[in-house]
Protein chains: 2
Amino acid sequence: MTLMDRNIDTLPRIDGERLWSRLMSMAEIGARDDDGVDRQALSAEDRAAMARLIGWGEAIGVTASFDTAGNLFLTLPGASEGAPVLIGSHLDSQPTGGRFDGVYGVLAAFEVLETLHDAGITPPRPITLVAWMNEEGGRFAPGMMGSEVFAGHRSLDDIRAVRDAEGISVGAELDLLAETFPQVPRHEPGFALHAYIEPHIEQADRLERDALVIGAVTGIQGKKTYEITLSGREAHAGTEPMERRADAVQAFARVALAMQAAALEAGPDIRFTIGRVEVEPNAPSVVPATVRFRIDLRHPENAVLDRVGAALEAAAEQEASPCTSAVRRMVDAPANGFSPALRAAILASAAARGLPATELLSAAGHDARHMAPLTAAAMIFIPCRGGLSHHPDEWADPDHVAAGAQVLLDTCLKAASATRENGDLS
Amino acid sequence: MTLMDRNIDTLPRIDGERLWSRLMSMAEIGARDDDGVDRQALSAEDRAAMARLIGWGEAIGVTASFDTAGNLFLTLPGASEGAPVLIGSHLDSQPTGGRFDGVYGVLAAFEVLETLHDAGITPPRPITLVAWMNEEGGRFAPGMMGSEVFAGHRSLDDIRAVRDAEGISVGAELDLLAETFPQVPRHEPGFALHAYIEPHIEQADRLERDALVIGAVTGIQGKKTYEITLSGREAHAGTEPMERRADAVQAFARVALAMQAAALEAGPDIRFTIGRVEVEPNAPSVVPATVRFRIDLRHPENAVLDRVGAALEAAAEQEASPCTSAVRRMVDAPANGFSPALRAAILASAAARGLPATELLSAAGHDARHMAPLTAAAMIFIPCRGGLSHHPDEWADPDHVAAGAQVLLDTCLKAASATRENGDLS
């Protein structure tokens, strides 16, 4: 009888109190006076968190390793040596972060390893915890560096060259990381995966509003961002005739309305936002010369996202006159769908454990986005109070914290037993 | 034979070199490293400039006096004691000001007094130079304080309470001014005027473009300014459905276009500008909650200005939904027309002196705006290079500087001889 066939009731129970106390222990590292956490990527606090995790792993005999991109792995061996089921998230936080974003997924994964260890269960294949390097991007932008390098989307050289506001490079911090843990083996980034499962707080209030405990994430919506610059001609507000003006604020108003209209044609799932606008010289009595603004565009379907993105660029071009427009494409993160088999397994676990659950889309990006093209991937969401995240008041209920880890354990064992050949991991 | 009847050729010539050297001498007070002038209202530099002017006056026997609003007067007595012809402008500058704005009008007026003194001419009534307190408003906002109090539009108590960025009040500086000049008599603000004439650089490039030397200003266009606040609801750019949003930037775009359309209906003389826009929280991935922006509206006709102003307020109300709008009226300075008789006298002087001239509208505000309701008022413009003003590179040609002072002398003597009763000063 494989694990896949076993009744969920026979799988071991995680220890919610142990997990909670580890979460609070980790929150001491980089603790802020306001109950929040400041544990930015590759900082001394981030290294201290890694050291604590490696220590906990040693106590239960799981082996730590780093890749050269600073991703940390803790592996519980399986009955065979095949590709592991990878579970985890990230340890780094925003500068004004909370006690759950990222670290919850890592410690839920650790709770799975420890529960299996304590129960004497050897999974059919390795189960590997991962703590991805720099998911947040607050110190070194943009984030998700570790998972991007692992997935081969960015080169190691590329991320090593990125510097923080004080001029310190990722490369220098990665070298310091290697010096700090000389006993931990290091390998090149990337290896074959059997599956990937990432638990995380929802960072929205859908689960809380509907009194649900578990979200089986269907996918992460795609996102494009742009910076548009409209350039006109500065002039005196009291003298310059209207017909001679190239007024960048008026051009902005035309472009903004045309873009919104083009976006709305894509139907109810589109999200189009102009959130940041900078006017120059921004003086009450000067016809404005320049407006620079940012667009945030999201949709679950890449074809729609591409179509609307092109329509926005065309709107800037068409409506700017007599000003000129320049479009800078910034983020271009395609939408991805998660494994239907894993989603079904998450919902089955929740049902068996009596946890109200739903499928839902992730509006925010996660490292799982970069695993989905590589393997069967999934995310498990638990509620966070008021949907609040990236904030010292970020909070998750201890029962929900435990529930998510239990569903992770159940789903992880099912995935470890499943085989790609028979379609169990579609 | 009155002065009014005398041929202009028989009137004395001003001394252009003397005037130019006084301009350069005054530019030393508050001189900036970049050739500009920083001589803000009621500063030590402003007091030093007043002291220098009072000293020059003593040398030719003209009597100085202050009013309690800090306006400085130098009076050349006339044959009779009637209401004076008031001539001048202001000594204060913007923090990054130039060597001509304001001070040119004061020193051209002084050149008139000195020329008449040297020629032994006693005008039929007093000719009084004025240096208005705080025209610029850079330190104590808004400007034109001295002329507003003189005209009775603001109370002395009201302006005394205004404080600069360091918390120093106008009242404290006026008291210091009185202590600095104990020998100079002080009187209450406001007295009867026979006429008012203010020379000034154009601060636009109409005269330069058309190779003209003298502008007889027809009036100052009216100006209204507003601050509009559009209030929506902050939300997550990735999650909030479009139909649930109250997006303040989209509301701004609708309002800005509707306002521009309403303004353009007023024809070619309207000037409508949204020069300053502030978005909150102004973050790329947050649906903006608030847009606060400034409107600058100008037109030579008050009826049009009032009509367009009302239309702008209506546009904010109509187009803001689902956001709300709040309108704060700020500046409301009606248009004014200058004396046709004085304008004709200015053009006649220019013609007699061989100076190419035109009538033109002033887009910028001046102290003369507050004199026009009180008496026959006029302004004489001379070109400034490239129309540049409020800038260290501000420049006027020495020949034009002299020309404006000559036209002032001619016009001033005509006005002094004219009587209201026979319609000479319509």
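Conventions and cut-offs
Residues numbered from 1 in each chain as written. Chains lettered and ligands numbered in written order. Predicted model: local features only at pLDDT ≥ 70, side-chain atom pairs only at ≥ 80, totals over all residues. Heavy atoms only, no water. Contact = heavy atoms within 4.5 Å. Buried area = accessible area lost by both parts, 1.4 Å probe. Polar contact = N/O pair within 3.5 Å; in protein donor to acceptor, adjacent residues only side chain to side chain. Helix = DSSP H or I, 4+ residues; strand = E, 2+ residues; numbered from the N terminus. Nonpolar A, V, L, I, M, F, W, Y, C, P; charged D, E, K, R; others polar. UniProt positions renumbered as here; feature names shortened; annotations may be inferred. Domains from an automatic or database assignment. Salt bridge = Lys/Arg side-chain N within 4 Å of Asp/Glu carboxyl O. Expected span 1.5 Å × (residues − 1). Buried < 20%, exposed > 50% of the residue type's maximum accessible area, 1.4 Å probe, protein only. Pairing = 2+ DSSP bridges. Axes fitted to C-alpha atoms, helices over the stretch in contact; angles between N-to-C directions.

How do you make sense of the interface of chain A and chain B when you look at a structure like this?
It is common to give the size of an interface as the accessible area that goes away when the parts come together. Each partner contributes residues to the interface: chain A has 40 residues there, and chain B has 41 residues. Both sides together, the interface formed by chain A and chain B hides about 3,600 Å², and carbon and sulfur atoms give 54% of it. Contact with chain B buries area across many residues of chain A, yet Met242(A), Gln250(A) and Arg271(A) alone supply 17% of it, more than any other trio. Joining chain A to chain B, the criterion identifies 24 residue pairs in polar contact (both at pLDDT 80 or more). Looking at the side of chain A that touches chain B, the elements that each hand over two or more residues are α8 (248-264), β10 (271-280), β11 (286-287) and β12 (290-299) of chain A. Per-class residue counts for the side of chain A that touches chain B are 20 nonpolar, ten polar and ten charged.

Where do I start with the UniProt feature "domain: Peptidase M20 dimerisation" (unreviewed entry) in chain A in this structure?
Following the UniProt record, one finds the feature "domain: Peptidase M20 dimerisation" (unreviewed entry) at residues 219-320 of chain A. Here residues 219-320 of chain A is 34% helix and 35% strand, with 36 Å between the C-alpha atoms at its ends.

Got a minute to help me understand the domain arrangement of chain A in this structure?
Residue and element names in this part refer to chain A. The domains assigned to chain A are domain 1 (3-221 + 335-417) and domain 2 (222-333). On a C-alpha basis, the centroid separation for the pair domain 1 and domain 2 is 38 Å. Taken residue by residue, the interface counts seven residues in domain 1 and ten residues in domain 2. The junction of domain 1 with domain 2 conceals about 540 Å² of combined surface from both sides, 49% of it contributed by carbon and sulfur atoms. By the criterion of area lost to domain 2, the three top residues of domain 1 are Gln221, Ala335 and Arg369, representing 82% of everything that side buries. Inspection of the domain 1/domain 2 interface yields zero salt bridges. Remark: the boundary between domain 1 and domain 2 carries two residue pairs in polar contact (both at pLDDT 80 or more).

I tried to follow helix α2 (residues 44-59) of chain B on my own but got confused; where do I start?
Structural remark: α-helix, 3.6 residues per turn; residues separated by three or four positions point the same way. All names here are of chain B. Between its terminal C-alpha atoms α2 stretches 23 Å, which fits the 22 Å expected from 16 residues at 1.5 Å a residue. All of the buried residues in α2 are Asp46, Arg47, Ala49, Met50, Leu53, Ile54, Trp56 and Gly57. The inward-facing, buried residues of α2 contact α1 (16-26), β1 (63-67), β2 (72-76), α3 (103-119), β4 (127-132) and α6 (170-180). Gly61 sits one or two positions beyond α2 and adopts a positive phi of about 75 degrees.

Help me understand the sheet that holds strand β12 (residues 290-299) of chain B in this model?
Hydrogen bonds between backbone groups are what pair the strands of a sheet, and the pairing can be parallel or antiparallel. Residue and element names in this part refer to chain B. Reading across the sheet, the four strands line up as β10-β12-β8-β13 and stay open at both edges, with antiparallel pairing between neighbours. Bordering the open sheet on either side are β10 (271-280) and β13 (324-333), each of which pairs with just one other strand. Ignoring which end each strand starts from, the neighbouring axes of this sheet average 15 degrees apart. Sheet topology places strand β8 (residues 222-231) next to β13; eight bridges connect them, and they run antiparallel.

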